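Spelled out, the chains give:
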Amino acid sequence: MKAIETITGHVSVLDRDDVDTDQIIPKQFLKRVERTGFGEFLFYDWAKEPGWELPVNPILVAGRNFGCGSSREHAPWALEDYGFQAIVAPSFADIFRSNCTKIGLLPVELPAEACEAIARAGEAQVDLRDQEVRWPGGSAKFEIDPDVKHRLLGGLDDIGLTLQQDEAIEAYERQRQRTGPVTTAL
Amino acid sequence: MAQTLLDRIWDAHEVAPGLLYIDLHLVHEVTSPQAFDGLRLAGRLVRRPDRTLATADHNVPTDGTPVAERIRDELSRVQVQTLERNCAEFEIPVYSLGSRHQGIVHVIGPELGVTQPGMTIVCGDSHTATHGAFGALAFGVGTSEVEHVLATQCLVQAKPRSMRIHYRGELGFGVTAKDLILATIGQIGVDGAVGHVVEYAGPAIESLSMEGRMTVCNMTIEGGGRAGMIAPDQTTFDWVMGRPGAPPELPEQWLSLQSDSEAAFDREVEVDASAVSPMVTWGTNPGMVVPVTEAVPEPRSEQDERALHYMGLEAGVPIGEIRLDRVFIGSCTNSRIGDLRAAAELVRGRKVSEEVYAMVVPGSQQVKEQAEREGLNEVFVQAGFDWRGAGCSMCLGMNPDIAAPGERVASTSNRNFEGRQGRGARSHLVSPQMAAAAAIEGRFVDIREWAR
């Protein structure tokens, strides 16, 4: 995963609330077994509507509860492959937010007024270390889980980090009173 | 200090701060191939194949195709065969197409008895909250996390906030678990539970069957919740014990899996269960829902207007006048034997409307076998329903079961998003009983009146 420090550039705007992952990447594209190449199918049906415009920029400003619905990581893959590096929105769906951080696509939660100001400004800089978004005429601080921030700043491999705790995992497995069902014994 | 059920399960599974041990990892063909690729690239193994279980469900045809290599759609075939190969390579038990235990991942876990109280369960699918009906902490994850669990049997997780939805009163005649959860989402909104694990409580929950409880927990994600859970009780224990994966004796720990009476939740919501009617969604998310006795509401936002336009509906049209082209009884929300029995009861001796194509897709091969032993398939077929094989089917239309553009569907599934059941298809979410009656009449009816 690429390390993130700052993301600077023009913003694209999708002014809709409750955008679900079925819209971000419809199901017919989930049949692929690869992780790449989803960008061209981003918002596949909406992109055919008259007046649709979503230029390729580093930053996407979106509406409330962005990414609700299915857990498909194909949605962040498609957004990232399309060219977005950060998504700024008043709120995100939980699984979507988590999926974004796993691939280095930065979800930034800001109040609706700040999102609107950034959309109007047309450009912004997202500074992960300072947890701040700056745009011509304004700035706003954002919250992020310290652990997630650390991983994103370092571009760290989650699995590699967890495997360093192998002894703790083994100790946990040894000490358990009940181990639960054994799927290989059914 | 007083603890919630969430606290109890969380504390029992924290390997280290922020690192949660996963007792059961369910795997399916759509969200796993890239995770297995990741393992291979890094030279990693699956840490606990014996805590992992796979099935093919999202993509599989429901037309009786016997094995993966006979799936006609090339991409689907490749995906299912990829799952089979990956599971063989990493020694994970898999119930693929052709297995007697194949089925929707959230149907087969409980059915096999591997879903048990007090466990942590994850799957690369947002409806994993279904398993919370057993007093487990169960939630959906993305493909990177699937890979993480395969490699480490753990997940890096910040503890979610806790929320309790307490139901006052009991459900009325003809009102089901599906109506209860649809009404709840209508009340709290599709992002009402974001960031929270929801515990459902109250007499209306306690008197639900396990299947009803699964229906409620299943749709937690549609209210934005990370997971849904219900404290296990005798109903739960009776359901689990005796199944293949169940322990030989009732574990004592299961008896203490409740929230303490003085435990504090980050958020509490009250819902009047006795006031809930059979519900029908009118829009393009599950929160856009009204009782069957009402009319399509006036739009209150641009989003509502867009939804009405997509659905081809106008405000003020009584729900009972909405005519249907298709009826789908199935999905991880409502495809268990109890759902099929309830629907069959209503269609027995009746005929599906000539305007309607209706299908029943059992949640698993085991559900299908059981239904056939009881003769439910005959009831459905004689009424004019198509009786299909097990899988996710038209809930998300990754297999050939899709609606045509503009077609209107009464569906027992969980999502009425634009294009979900086929590009341009218009979905109305309802209970199995409401769907069955709608198939007969060709329009929505209030089953409380109709069933008499």
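About the cut-offs
Every chain's residues receive numbers from 1 upward, in the order its sequence appears when written. Following the order in which they are written, the chains are lettered starting with A and the ligands numbered starting with 1. Thresholds applied to this predicted model are a pLDDT of at least 70 for local features of residues and 80 or more for the giving and counting of side-chain atom pairs; totals over whole chains, interfaces and linings are not thresholded and use all residues. Helix and strand definitions here come from DSSP, where helices need a minimum of 4 consecutive H or I residues and strands a minimum of 2 consecutive E residues; each element is numbered from the N-terminal end. Put simply, the radius of gyration uses C-alpha atoms, and a globule should come to 2.2 Å times the residue count raised to 0.38. To sort residues by burial, count the other C-beta atoms lying within 10 Å of each one's C-beta; a count of 20 or more means buried, 12 or fewer means exposed, and anything in between means partly exposed. C-beta atoms are built from the backbone. Think of it this way: DSSP has to see at least two bridges between two strands before they count as a pair. Note on handedness: a clockwise path from strand one over the helix to strand two, with the strands aimed away from the viewer, defines a right-handed crossover. Each nonpolar core consists of buried Ala, Val, Leu, Ile, Met, Phe, Trp, Tyr and Cys residues. Their C-beta atoms, within 7 Å, join them into a set. The contact criterion used is a C-beta to C-beta distance within 7 Å, with each C-beta placed from the backbone. A fitted line through C-alpha atoms serves as each axis, taken over the contacting stretch for helices, and the angle formed by two N-to-C directions is quoted from 0 to 180°. Here the nonpolar group is Ala, Val, Leu, Ile, Met, Phe, Trp, Tyr, Cys and Pro; Asp, Glu, Lys and Arg are the charged ones; every other residue, Gly included, is treated as polar. As used here, the arc belongs to the directions running from the helix axis to the C-beta atoms. pLDDT measures the predictor's confidence residue by residue and takes values from 0 up to 100. The cut-offs work like this: below 35 degrees is roughly parallel, past 145 is roughly antiparallel, 65 to 115 is roughly perpendicular, and the gaps in between are oblique. In this scheme the handedness of a crossing depends on how the near helix is turned from the far one: anticlockwise by less than a right angle means left-handed, clockwise means right-handed.

Participant: Please provide a residue-by-residue account of the overall build of chain B, values included.
Facilitator: Of regular secondary structure, chain B possesses 15 helices and 19 strands. Taken against the 2.2 N^0.38 rule, which gives 22 Å for 452 residues, the C-alpha radius of gyration of chain B at 21 Å falls within 12% of a compact globule. Dimensions of chain B, computed from C-alpha atoms along their principal axes, come out at roughly 55 × 55 × 45 Å. Counting only residues that meet the buried cut, chain B has 62% of its 452 residues in that class.

Participant: Which residues make up the pairing of strand β9 (residues 161–168) of chain B, and what are the values?
Facilitator: Residue and element names in this part refer to chain B. Relative to strand β10 (residues 196–201), β9 runs parallel, the two being bridged by six bridges. Residue pairing in the sheet places I165 in a bridge with Y200 of β10. Traced from β9 through helix α6 (residues 177–188) to β10, the parallel crossover comes out right-handed.

Participant: With reference to specific residues and values, describe the sheet that holds strand β15 (residues 326–329) of chain B.
Facilitator: Residues and elements named next belong to chain B. Taken together, five strands build an open sheet; the order of strands is β17-β16-β15-β18-β19 and the sheet is parallel. Unpaired on one side and paired on the other, β17 (386–387) and β19 (426–429) mark the two borders of the sheet. In terms of strand pairing, strand β16 (residues 357–360) meets β17 through two bridges, oriented parallel. By the bridge assignment, V360 is partnered in β17 with W387.

Participant: Summarise the pairing of strand β4 (residues 52–55) of chain B; cite the residues concerned and give the values.
Facilitator: All names here are of chain B. Here β4 shows a buried face lined by T52 and A54 and a second buried face lined by L53 and T55. Where strand β3 (residues 24–27) meets β4, three bridges bridge the pair, whose relative direction is parallel. By the bridge assignment for β4, H25 is matched with T52. Sheet analysis places β4 next to strand β5 (residues 94–95), joined by two bridges and oriented parallel. Note on β5: the bridge partner recorded for T55 is Y95. At this point the chain moves from β4, through helix α3 (residues 74–90), to the parallel β5, and the crossover so formed is right-handed.

Participant: Tell me about the nonpolar core, residues and numbers included.
Facilitator: Counting residues in each nonpolar core, the largest one holds 194 residues, and the members touching the most others are I87 and V88 of chain A. Here I87 of chain A is in contact with L60, A62, F66, L79, C100, L105, P107 and V108 of chain A, once residues within four sequence places are set aside.

Participant: Residues and numbers for the environment of F43 of chain A, please.
Facilitator: Residues and elements named next belong to chain A. Inspection of the secondary structure assignment puts F43 in the loop between α1 (21–24) and β2 (59–62). Residue F43 is classed as partly exposed on the basis of its 19 C-beta neighbours within 10 Å. C-alpha separation for the pair F43 and I25, spaced 18 residues apart in sequence, amounts to 5.8 Å.

Participant: I'd like a rundown of the sheet that holds strand β1 (residues 6–14) of chain A, residues and numbers included.
Facilitator: All names here are of chain A. As summarised here, the arrangement of the seven strands in space is β4-β3-β2-β1-β5-β6-β7, forming an open sheet in which the pairing is mixed. Each edge of the open sheet carries a strand with a single partner, namely β4 (106–109) and β7 (138–141). On average, adjacent strands in this sheet sit at an angle of 25° to one another, irrespective of strand direction. As defined by bridge partners, strand β6 (residues 132–135) adjoins β7 across four bridges and the pair is classed as antiparallel. Its bridge partner being in β7, W135 is matched across the sheet by G138.

Participant: Outline the interface of chain B and chain A, listing residues and values.
Facilitator: Taken together, the 66 residues of chain B in the interface contact 46 residues of chain A. Secondary-structure elements contributing two or more residues to the side of chain B that touches chain A are β1 (14–16), β2 (19–21), α2 (33–42), β4, α3, α5 (143–152) and β8 (154–156) of chain B. For the side of chain B that touches chain A, a count of residues per class yields 27 nonpolar, 27 polar and twelve charged.

Participant: How would you explain helix α4 (residues 112–121) of chain A if you had to name every residue and give the values?
Facilitator: Residues and elements named next belong to chain A. Taken together, the buried positions of α4 are occupied by A114, C115, A117 and I118. Each buried residue of α4 sits inside an arc of 160° when the element is viewed along its axis, so together they form one side. On the buried face of α4, the contacting elements are β1, β2, β3 (86–89), β5 (123–127), β6 and β7. Of the residues flanking the end of α4, it is G122, one or two places downstream, whose phi is positive at about 85°.

Participant: Tell me about the confidence of the model for chain B, and name the residues and values.
Facilitator: Chain-level statistics for chain B give a pLDDT mean of 97 and a share of 100% at 70 or above. In the model output, the complex is listed with pTM 0.98 alongside ipTM 0.97.

Participant: I'd like a rundown of the packing of α6 of chain B against helix α8 (residues 210–218) of chain B, residues and numbers included.
Facilitator: To characterise two packed helices, one gives the angle between the axes of the helices and the distance between these axes. Residues and elements named next belong to chain B. Where α6 meets α8, the axes come as close as 8 Å, and the angle between the chain directions of the two elements is 20°. In this view, α6 runs roughly parallel relative to α8, as classed from their interaxial angle. Along this stretch, α6 crosses α8, giving a crossing that reads as right-handed. Contacts between α6 and α8 involve A177, K178, L180 and I181 from the former and G212, T215 and V216 from the latter.

Participant: Hey, could you go over the environment of G349 of chain B for me, with residue numbers and the actual values?
Facilitator: Among the secondary structure elements, G349 of chain B is positioned in the loop between α11 (337–347) and β16. Once the C-alpha coordinates of G349 of chain B and A383 of chain B are considered, the two residues, 34 residues apart in sequence, prove to be 6.8 Å apart.

Participant: So what's going on with the environment of G63 of chain A? Residues and values would help.
Facilitator: Residue and element names in this part refer to chain A. Tracing the sequence through the fold places G63 in the loop between β2 and α2 (74–82). Take G63: there are 18 C-beta atoms within 10 Å of it, and that puts it in the partly exposed class. Separated by 65 residues in the primary sequence, G63 and L128 place their C-alpha atoms 21 Å from one another. In contact with G63, other than residues within four places in its own chain, are L14, D15, R16, D17, V19 and A89.

Participant: Describe the packing of α11 of chain B against helix α13 (residues 376–383) of chain B, and please don't skip the residues or the numbers.
Facilitator: Residues and elements named next belong to chain B. The interhelical angle for the contact between α11 and α13, taken along N-to-C directions, is 45°, at an axis separation of 9 Å. Looking at the two axes, α11 sits oblique to α13. Considering only the axes of α11 and α13, their crossing is left-handed. Each of L340, R341, A344 and V347 in α11 lies in contact with α13, whose residues at this interface are L376, V379, F380 and A383. Of the residues in the contact of α11 with α13, the class split is seven nonpolar, no polar and one charged.

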